[in-house]
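Architecture at a glance
Chain residues, written in single-letter form:
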Amino acid sequence: MTAVPSSKFALRGDLLDFTADPGWGIEPGAAVRFRPDHWLLVEDGVIRGAHSSDAALDASWTRIDHRGRLVLPGFVDTHVHAPQLDVIASFGTELLDWLNTYTFPAEQRYADPHEAQAGAERFCDALLAHGTTSAVVFPTVHKVSADALLAAAHARGMRMVAGKVLMDRNAPPGLLDTVESAERDSRELIERWHGRGRLAYAMTVRFAPTSTVAQLEMAGRLMREVPGLYMQTHVAENRAEVEWVRELFPQTRSYLDVYHRHGLLGKRAVLAHGIWLDDADRALLAATGAQIAHSPSSNLFLGSGLFGWRALEDAGARVSVASDVGGGTSLSMIRTLAEAYKVQALQGVKLTAWKGLYTATRGAALTLGLDHEMGSLEAGRMADLCVWDWALGAVGERRLAVATGLHERVFAWMTLADERHLAQAFVAGASRFRRESG
Ligand SMILES: [Zn+2]
């Protein structure tokens, strides 16, 4: 890791960010802010502004010259599982079989403190190497895995929301807690990490089938008791899963309603998937402010279904985009957006580069209540920045060479680029990744 030698630097490149939600149109309205060949000023980890030249900058500013490259705010991945790097790209199952065959066995390793620490560091470094500077993350049920993950994020200055997974039924013995142990562990972790640096704690219900009613009630109680807690879970991913929830909670109107009844929905609730929802569910999401973390590569890979983004937005509900590794097949938010485009295309909806990139940056920051801190290149935001090559290799270079207009160019990048295009990543102004080949 090469630290920046000065607390003041000016970063040269093509700056792209968003001042508001650009909507679904292809025309770059006022929400799209593209400043080609500008200098972005960073001081003490914070963005101070941008200039079209460095003429006004004295010698106290270190110049970092990435001219000809794209500078974006760091990506925000709103749903990803740290231990599941071990099971990414596992063959031949749908959700419930996938959990039992691959994921539950793999997650048991993270009871070991050495495995937990090595895994957490590997995961955080991998996020940064994919251009993701902030994430909402599941570790495992083990307290030590949550500790290791939050410590690794803290050491790198990353904004992370995470918490020990809660699961007290329907999983192997090595992955079960109890209501009492879960409450004790959660309270200790909240005490240690919640609000420390850029960290926030999330009550982390794996999904309704693996928590008893008593455990869901405990989680709801802590949500009411501790200010600023997040909640993360899964909802309505797969039809067999939805049916199982119906059997386990026969009195409840819907899968989503299980969480609502226990006080787990609100502005800081992040629910992955949300494919099999009805109008009442969409209205409930809108009313509570809870967001759906759309996970397109996971939904395609596990054959879960096609996410109805427009229906949710039309109902007033909030949507972010997530990798959901290891059901998802890449930590790259660029690849994730390319998959999101295809999921919408299958339903006759066209995801513009503006909407996609907004959702993975400023939009995610906004849905998490963190837009004052990150997600854009506004003065005053933390300098969570990624510098990308516009193209690598003959195909990308040719496509960009013949592109006319900004959207065509940026959309081709969103569709063709991947993590290999990342030249450098900064977290709070510190360089945390730099590609060796320059
Ligand atoms: Zn997930």
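This report concerns the structure included in the present document. (Residues numbered from 1 in each chain as written. Predicted model: local features only at pLDDT ≥ 70, side-chain atom pairs only at ≥ 80, totals over all residues. Heavy atoms only, no water.)

1. What to know about the sheet that holds strand S14 (residues 385-388)
Cut-off, in case you're wondering: Paired strands, as defined in this entry, are two strands with at least two bridges between them according to DSSP. Only runs of H or I of at least four residues qualify as helices and only runs of E of at least two qualify as strands under DSSP, and these elements are numbered from the N terminus. Only the contacting stretch of a helix is used when fitting its axis, a line to C-alpha atoms as for every element, and angles between N-to-C directions run 0 to 180 degrees.
Here seven strands make up an open sheet; going across it, the order is S3-S2-S1-S4-S14-S15-S16 and the pairing mixed. Each edge of the sheet is formed by a strand with only one pairing partner; in this case those strands are strand S3 (46-51) and strand S16 (430-434). Taken pair by pair, the neighbouring strands of this sheet meet at an average axis angle of 35 degrees, ignoring direction. In terms of strand pairing, strand S2 (residues 32-43) meets S3 through five bridges, oriented antiparallel. Note on S3: the bridge partner recorded for Glu43 is Val46.

2. Topic: a nonpolar patch on the surface
Heads up, the condition is: Residues forming no salt bridge and having over 30% relative accessible area are the ones grouped into patches, like charges within 9 Å of each other and nonpolar side chains (Val, Leu, Ile, Met, Phe, Trp, Tyr) within 5 Å. Each accessible area is a Shrake-Rupley result for a 1.4 Å probe, and residues are judged covered by the shown protein chains and nothing else. Between Lys or Arg on one side and Asp or Glu on the other, a salt bridge is scored when a side-chain nitrogen of the former is within 4 Å of a carboxyl oxygen of the latter.
Together, Leu300, Leu306 and Leu346 make up an exposed nonpolar region whose accessible area comes to about 260 Å². With respect to the helices and strands, Leu346 occurs in the loop between helix H11 (333-345) and helix H12 (353-367).

3. Looking at the coordination of the zinc ion
Ideal coordination angles are 109.5 degrees for a metal with four donors arranged tetrahedrally and 90 or 180 degrees for a metal with six donors arranged octahedrally. Here is the rule we go by: A 2.8 Å cut-off from the metal defines N, O and S donors, relaxed to 3.2 Å for Na, K and Ca; water is not in the atom list, so some sites may appear incomplete. By the criteria applied here, four donors are tetrahedral when all angles lie between 85 and 135 degrees, four are square planar and six octahedral when opposite donors are over 155 degrees apart and every other angle lies between 65 and 115, and any other arrangement is irregular.
Protein-derived ligands of the zinc ion are His79 (NE2), His81 (NE2), His234 (NE2) and Asp324 (OD), with the metal-ligand distances lying across 2.0 to 2.3 Å. For the zinc ion, the four donor atoms are set out with angles of 89 to 167 degrees between them, so the coordination reads as irregular. Motif for the zinc ion, donor spacing along one chain: H-x1-H-x152-H-x89-D. One end of the pair, His81, is in strand S5 (residues 75-81); the other, His234, is in strand S10 (residues 230-235), and 153 residues separate them in sequence.

4. Notes on the environment of Ala293
The test is simple: Accessibility here uses a 1.4 Å probe with only protein chains present; expressed as a share of the type maximum, an area under 20% marks a residue as buried, one over 50% as exposed, and anything in between as partly exposed. When checking whether two residues touch, look at their non-hydrogen atoms; a contact exists if any pair is within 4.5 Å.
The residue Ala293 is located in strand S12 (residues 291-294) in this model. When its relative accessible area of 0% is taken as the criterion, Ala293 is described as buried. Not counting residues up to four positions away in its chain, the partners in contact with Ala293 are Thr78, His79, Val270, Leu271, Ala272, His273, Ser320 and Ala322.

5. Notes on helix H6 (residues 239-248)
Every α-helical turn comprises 3.6 residues, leaving residues that sit three or four positions apart pointing alike. Rules: In this description, one arc is meant: the one made by directions from the helix axis to the C-beta atoms. We define a polar contact as two N or O atoms separated by no more than 3.5 Å, with the added condition that, inside protein, one atom must be a possible hydrogen donor and the other a possible acceptor, whereas residues neighbouring each other in sequence contribute only through side-chain atom pairs.
Residues of H6 that are buried include every one of Glu241, Val242 and Val245, and no others. All buried residues of H6 project into a common sector of 100 degrees when viewed along the axis, lining one side. Exposed side chains of H6 directed beyond 90 degrees from the buried face belong to Arg239 and Glu247. Contact partners of the buried residues in H6: helix H1 (95-107) and helix H7 (255-261). Sitting at the amino-terminal end of H6 is Asn238, which places a side-chain oxygen 2.8 Å from the backbone nitrogen of Ala240.

6. What about the packing of helix H2 (residues 113-129) against helix H3 (residues 143-155)?
Quick note on the threshold: Each crossing is labelled by how the near helix is turned from the far one, with a counterclockwise turn of less than a right angle marking it left-handed and a clockwise turn marking it right-handed. Note that Gly is not counted as nonpolar here; it falls among the polar residues with everything else outside the nonpolar set of Ala, Val, Leu, Ile, Met, Phe, Trp, Tyr, Cys and Pro and the charged set of Asp, Glu, Lys and Arg.
Direction vectors running N to C along H2 and H3 enclose 35 degrees, while the axes themselves pass 8 Å from each other. The handedness of the crossing between H2 and H3 is right-handed. Together, Pro113, Ala116, Gln117, Ala120, Glu121, Phe123 and Cys124 of H2 and Val144, Ser145, Ala148, Leu149, Ala152 and Ala153 of H3 make up the contact between the two elements. Its residues assigned to classes, the contact of H2 with H3 shows 10 nonpolar, two polar and one charged.

7. Description of the packing of aromatic side chains
Spelled out, the test is: Within 6.5 Å between ring centres, the rings of Phe, Tyr and Trp (the latter by its six-membered ring) count as paired, and their orientation is classed by plane angle as stacked under 30 degrees, edge-to-face over 60, tilted in between.
Enumeration over the complete set of coordinates arrives at 11 aromatic pairs. The interplanar angle of 65 degrees and the centroid separation of 6.5 Å between the aromatic rings of Phe18 and Trp354 together place this pair among those described as edge-to-face. Of this pair, Phe18 sits in strand S1 (residues 8-18) while Trp354 sits in helix H12, placing them 336 residues apart in sequence. By relative accessible area, which is 0% here, Trp354 ends up buried. Here the aromatic rings of Trp24 and Trp309 are separated by 5.3 Å at their centres, their planes lie at 80 degrees, and the arrangement is edge-to-face. Of this pair, Trp24 sits in the loop between S1 and S2 while Trp309 sits in helix H10 (residues 309-314), and the two are 285 residues apart along the sequence. Taking the relative accessible area as the measure of exposure, Trp24 reaches 17% and is therefore buried.

8. Focus on the nonpolar core
Keep this limit in mind: Remark: nonpolar core denotes a set of buried residues (Ala, Val, Leu, Ile, Met, Phe, Trp, Tyr, Cys) joined through side-chain atoms within 4.5 Å.
If you look at the biggest cluster of nonpolar residues, it comprises 110 residues, and the most contacted ones within it are Phe123, Met160, Met203, Tyr259, Leu271, Leu357 and Trp413. In terms of residue count, the dominant contributor to this core is H2 (seven residues).

9. Observations regarding the side chain of Asp384
Structurally, Asp384 is set in the loop between H12 and S14. There is a polar contact of 2.8 Å between the side chain of Asp384 and the side chain of Arg198. In this structure Asp384 touches Leu72, Pro73, Gly74, Thr133, Arg198, Met374, Phe426, Val427 and Ala428, once residues within four positions along its chain are discounted.

10. Concerning the environment of Arg63
Topologically, Arg63 is positioned in strand S4 (residues 62-73). Residue class for Arg63 comes out partly exposed when judged on its relative accessible area of 33%. Sequence spacing of Arg63 and Phe9 is 54 residues, and the spatial spacing of their C-alpha atoms is 5.8 Å. Residue contacts for Arg63: discarding those within four places in its chain leaves Ala10, Trp39, Asp54, Leu57 and Asp58.

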